[in-house]
Amino acid sequence: MVDYSAIEAKWQNAWEDARVFDGEPNQKKPYMVFAAFPYTNTALHIGHARTYGTTDVLARYKRMQGYNVLFPMGFHGTGTPVVSFATRIQNGDKELVEELKIFHIPEDDIAKMTDPNFIVAYFVKRIESDFRRTGFSIDWRRKFLTIEPMFMRFVEWQFGVLNKKGYLVKGKHPVGWCPKDDNAVGMHDTKHDVEPDIEKETVIKFKVDGEEAYLPCTTYRPETIFGVTNIFVNESVPYVLCRIEGQTGNFYITKAGAEMLRYQMKIDVVNEVSGKELLSKKAVNPMTGEIVPVMPGYFVKESIGTGVVMSVPAHAPFDYAALERLRTQGYDIQGIRAKKIIDVKIGRSLSDVAMGDVKPIHIDIPALGYLEVLHANANAIDDMLEFATKLEYREESHWGKMLVNGYEGMSQPEAREKIKADLITKKDAFEVNVLANAPVICRCGTQVVVKVVDDQWFINYGDESWKKIAREAYAGMRILPDKARNAFDAAIDWIDLRAVARARGLGTPFPLDKRFIIESLSDSTIYPAFYTIVNVIRDEDQSKLKPEFFDYVFLGLGDADKVARSTGIPFEKVSRCRASFTYWYTQTSNHSAAELIFNHFTMYIFNHAAIFNKTFWPKQIVANGMVNYEGEKMSKSLGNIIPLGDGIKKYGADTLRFLETAGSELFSDAEFGDDAANGVRERFDYLYSITDNIQKMDSGEMKQVDYWLYSKLNRKIDAATKAMEKMELRDVATNVLYNSILELKQYAAHSGNNNMVLRDYMSAIALMLNPFAPHVSEELWHMMGNESFASTEKWPNADTDMISDKIEVQAELVEGVIEDARQVMALMTRKGGKPASGVKIIVADDWKREVTNSLAENRNISKAMDKVKSLGPSINKEAAAKYISSLAKRVNELRKTDISQEEEFKSLDESKEYIAKALGAEVTIEKESGSRSQRAGRAAPLKPCIDIAQ
RNA sequence: GCAGGGGUGGCAGAGCCUGGCCAAAUGCGACGGGCUUAGGACCCGUUUACUUUAGUGUAUGCGAGAGUUCAAAUCUCUCCCCCUGCACCA
């Protein structure tokens, strides 16, 4: 057994000694790769190795291509997670402590984690050591944290530049809010980590008949206003009459609603009324002028929106059911008639099986029709009504056509937007923000509300001139994989205002309002530029890092001498920073998870376009998929997290890296599991044993099989290099590891044993494996007697002269013959024949090759006959005719060949023993013209006749 | 809902851009056989159904349906389903 942990330990230090990474500008072409920061409130699990793994693959590949490669890494500490982590430890959060135990964090370290600084320091150390063990070729000398003062000076400078360009704007913004904590809440602050989901709903003002007050109905579907038959209120909850800022008149809304809405608009309560009192009122539909009654609606929730809803029985199963229930309770609803306003074929999206033979009867009342196709009626339970509602909304939204005047024939979504806009223009409606997934509960136990913050700062990614240069920058970039391009196009169009200032958390104070902290994705958009200088300025006092310093280093403004004098940073350092930045930042590749396309990656493009000179715009983005473990998504809640350290111990660093980087296509999720890991490791084992055996072999005369192996090798190098350029890592892996082993096995089966050939083959494999499995690569490389480091060697070059289709076709021919012979033999024994005693393989004469080639080229039988004639009288015309007609049927499948009878004969003859062994029978090879077999005429080029004697 | 990516054999996953050697690579699994004291190791074979006493043929088949074509997993359209993201959350 190969001891992988010993091999890994041996090489990871050796690389540092060998200075695999240079890290300083030099004569070589630069190439800088980096991946988005890991967040520092957690240790890493094996899934995290994916993005860094593919980054390292590129780093190592480029290094082997002769580039001066820089692969730096920093850490993200900005934002709320670290702070709330500390708070949770303080509160003795059991869930969190259990999680930390999975990562083998000692109790006394956990106890110290009430201190945010300790948390960050702890995890930084942990991640670095795990990554070193994984064999990533990271230059740790440039490590930094986003919460270090020197980086904060850099971010301040960045925001200064953005502000000068007018990209920072102030405005209103809705956020999830905890009234008790008086704070914005995000996912980390709620029970069960629910993200508050804020949506806009329309409130339509129905004037109360004969009273200067309104019943404001909250709705997602303003277009159904044409079908309103009445208004529903909840008769058992308290309402208030109130004034709403920006709106004229008084409004009846639930007391609970008023409590929540006052965080987004000023509300003055005039007096309280009961829901019951409202039932006596009538209201005027602002669109149609109809006067409708107010009825009790059992399903109306007091804390969503205004607690007043409009009833559209034709298109809302809940409304229909509520009215039917009122009827059975004895209410007079004679005057209420459901009115269909959207036409749609009910149940269109349901399969025939689901529909059965049920046909909706009440197609004039779709809400009822939908209940009917679901085998339900107005008495159905709420879950069923909910289901019918969803179905109806979906179908109407897809196929529904409006039936009402003025909007006739419009699709439902189109009508909704139009009608909403019309109502708002006429001041008959306004919008409110609601919590779509209410109730959301803050960790403190309070119900979360929507608050509209009115002094929020934004980065205005919607600015058209900015979008224009961002698109220009993007157009010059390479996106891998290519199919991610569409997503970027969409993201650049879509990105708009992004709130940038936040009330709490770690990070850089927002320069325009120091009460706030810069939001944590926004402070990490141009950070890679900082890698190029961090090692130079780390020892300088952060107060010296004034804007003019960054202006000079990154924008080339001013001159080094002045900057040195005004900041106090030595002249040499200032110049060195500028030189380093301009050297490294010309070739960059940014790696991260695909899910970051719509935020980090897009912001990365925008900020670079806004701040830097074109020369330093991003050159390449690589988007990675996630990692699944045994078919499941890895997550703490599923409990299938494997800490990186454990994973290395269990599977070996190289196996882990290999599977995660090369086990699947870049963009799709990687599958990680024990079987797959064993498969990879067994293949590594095989490579070791082959390499070990090379020493015992001689280098005799080159045989056909040796040329074959060279051909395969060079084809492989060629394919792997092309795939590598496109980061099609799965292809590379298949070629380099899986197919090599198939080839090596086939080589051995053909008694291939040439020491020199195998050494060439294995050397190339060892080198091409380096980006994926560096430790294995080094070990194999050194086993073959090399003194240098594989990691600093050149990537192999394909010698295309060594690629021979002819030789490969001949090898395939042998396999094909075996396959065919087997089939025949199987057929014979199945039919009760005796086992074969001998197999004659008869190779077609040369004239057949010419005829076949003619047919393959012209697909024309008479031309083929002409060809026969042109070959002279020695050809038996009858046999030729028979041969041609046998091919006629498959004329489309025919291919030309340049392999002569002699060559075909030779390759079969050399493989005679191999074939005999495979078939378990004696084998003779003969030529058609010299054969006495009656079947010999059936021989065709590359499809020799097989004559089996029993 | 909107945007992006997908849906292929028991599973995983190629192929699709550039239609035809595609009953569909490769790996895993399952089954049969060999090697072995034994095997989780290795080697050989089988893995849609029927058909064929000579290396075949036919049918069905790549989410569903329709279309284009001599020919469709591959191109077009419609629909269904799954994954990811949707803004302060890193």
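Residues numbered from 1 in each chain as written. Chains lettered and ligands numbered in written order. Predicted model: local features only at pLDDT ≥ 70, side-chain atom pairs only at ≥ 80, totals over all residues. Heavy atoms only, no water.

### Topic: the sheet that holds strand β18 (residues 478-480)
Okay, step 1: Across the sheet, 5 strands lie side by side as β2-β1-β22-β23-β18; this open sheet has parallel pairing. The sheet is open, and its two edges are formed by β2 (68-70) and β18, each paired on a single side. Across this sheet, the average inter-strand angle for adjacent strands is 15°, counted without regard to direction.
Okay, step 2: Here 3 bridges tie strand β1 (residues 30-35) to β2, and the two strands are oriented parallel to one another. Residue Tyr31 lies in a different strand from β2, and its bridge partner there is Val69. (Pairing = 2+ DSSP bridges. Helix = DSSP H or I, 4+ residues; strand = E, 2+ residues; numbered from the N terminus. Axes fitted to C-alpha atoms, helices over the stretch in contact; angles between N-to-C directions.)

### Section: the confidence of the model for chain A
Okay, step 1: A residue-level look at chain A finds 93% of positions with pLDDT of 70 or above and a mean pLDDT of 86.
Okay, step 2: Looking across chain A, the model is least confident in helix α11 (residues 352-355), with a mean pLDDT of 47, and most confident in helix α18 (residues 547-555), with 97.
Okay, step 3: Model confidence for the complex: the whole-complex pTM is 0.84, and ipTM, which rates the interface, is 0.87. (pLDDT = per-residue confidence, 0-100.)

### Focus on the pattern of salt bridges
Okay, step 1: Counted according to the given criterion, the structure contains 46 salt bridges.
Okay, step 2: A salt bridge links Lys112 to Asp109; its shortest N-O distance comes to 3.7 Å.
Okay, step 3: Look at Asp109 and you get buried, because its relative accessible area is 16%.
Okay, step 4: Linked by salt bridges that have partners in common, Lys712, Arg715, Asp805 and Glu808 make up one network. (Salt bridge = Lys/Arg side-chain N within 4 Å of Asp/Glu carboxyl O. Buried < 20%, exposed > 50% of the residue type's maximum accessible area, 1.4 Å probe, protein only.)

### Regarding the side chain of Glu779
Okay, step 1: Structurally, the position occupied by Glu779 is in helix α28 (residues 774-783).
Okay, step 2: The class of Glu779 is buried, set by a relative accessible area of 13%.
Okay, step 3: Within the structure, the side chain of Glu779 is placed 3.0 Å from the side chain of Lys10, a separation counted as a polar contact.
Okay, step 4: Leaving out residues up to four positions away in the same chain, Glu779 has contacts with Ile7, Lys10, Trp11 and Tyr688. (Polar contact = N/O pair within 3.5 Å; in protein donor to acceptor, adjacent residues only side chain to side chain. Contact = heavy atoms within 4.5 Å.)

### What to know about the pairing of strand β27 (residues 838-843)
Okay, step 1: Taken across its 6 residues, β27 has 5 buried, putting it largely inside the fold.
Okay, step 2: Two strands pair when backbone bridges link them, and β27 and strand β28 (residues 922-927) are joined in this way by 6 bridges, in the parallel orientation. For Val839, the partnering residue across the bridge sits in β28 and is Val923.
Okay, step 3: In this structure, β27 lies alongside strand β29 (residues 945-949), joined through 5 bridges in antiparallel fashion. Paired with Gly838 across the bridge in β29 is Ala949.

### Here's the deal with helix α14 (residues 412-425)
Okay, step 1: Under the 1.5 Å per step criterion, the end-to-end length of α14 is 20 Å for 14 residues, consistent within 8% with the ideal 20 Å.
Okay, step 2: Residues of α14 that are buried: Gln412, Ala415, Ile419, Lys420 and Leu423. Relative to the axis of α14, the buried residues are bounded by an arc of 125° and lie together on one face.
Okay, step 3: Taken from the residues just after α14, Lys427 is the one with a positive phi, measuring 60°. (Expected span 1.5 Å × (residues − 1). Arc of directions from axis to C-beta.)

### Considerations on the side chain of Thr602
Okay, step 1: Relative to the helices and strands, Thr602 resides in helix α21 (residues 597-611).
Okay, step 2: Here Thr602 falls in the buried class, since its relative accessible area comes to 0%.
Okay, step 3: Polar contacts involving the side chain of Thr602 include one to the main-chain carbonyl oxygen of Ile597, which spans 2.5 Å.
Okay, step 4: In contact with Thr602, other than residues within four places in its own chain, are Phe488, Ala491, Ile492, Ile495 and Ile597.

### As for the environment of Asp731
Okay, step 1: Within the element layout of this structure, Asp731 appears in helix α26 (residues 729-749).
Okay, step 2: Distance from Asp731 to Leu506, taken between C-alpha atoms, is 43 Å for residues 225 residues apart in sequence.

### With respect to the packing of aromatic side chains
Okay, step 1: According to the stated counting rule, one finds 53 aromatic pairs in the structure shown.
Okay, step 2: For the ring pair Trp494 and Phe598, a centre distance of 5.6 Å and an interplane angle of 75° mean the geometry is edge-to-face. Here Phe598 lies in helix α21 and Trp494 lies in helix α16 (residues 485-494), a separation of 104 residues in the sequence.
Okay, step 3: On the basis of relative accessibility, which here comes to 55%, the residue Trp494 falls in the exposed class.
Okay, step 4: We note Lys451 situated over the ring of Trp177; from NZ or CZ to the ring centre the distance is 4.7 Å. (Phe/Tyr/Trp six-rings, centres within 6.5 Å; stacked < 30°, edge-to-face > 60°. Lys NZ or Arg CZ within 6 Å of the ring centre and 35° of its normal.)

### Structural notes on the environment of Ala609
Okay, step 1: Relative to the helices and strands, Ala609 resides in helix α21.
Okay, step 2: What makes Ala609 buried here is its relative accessible area of 5%.
Okay, step 3: Excluding its chain neighbours within four sequence positions, the residues that come into contact with Ala609 are Ile469, Ala470, Ala473 and Trp617.

### So, the packing of helix α24 (residues 674-694) against α26
Okay, step 1: Packing of α24 against α26 brings their axes to within 10 Å, and their N-to-C directions diverge by 45°. Here α24 is positioned oblique relative to α26, judged by the angle of their axes. Handedness of the crossing formed by α24 with α26: left-handed. Of the residues in α26, those touching α24 at Val680, Arg683, Phe684, Tyr686, Leu687 and Ile690 are Leu737, Tyr738, Ile741, Leu744 and Lys745.
Okay, step 2: In terms of residue class, the contact of α24 with α26 is made up of 9 nonpolar, no polar and 2 charged. (Parallel < 35°, antiparallel > 145°, perpendicular 65-115°, else oblique. Left-handed = near helix turned anticlockwise from the far one by under 90°. Nonpolar A, V, L, I, M, F, W, Y, C, P; charged D, E, K, R; others polar.)

### Topic: the environment of Gln447
Okay, step 1: If you trace the backbone, Gln447 turns up in the loop between β16 (429-435) and β17 (449-460).
Okay, step 2: Sequence separation of Gln447 and Trp177 is 270 residues, and the distance between their C-alpha atoms is 8.8 Å.

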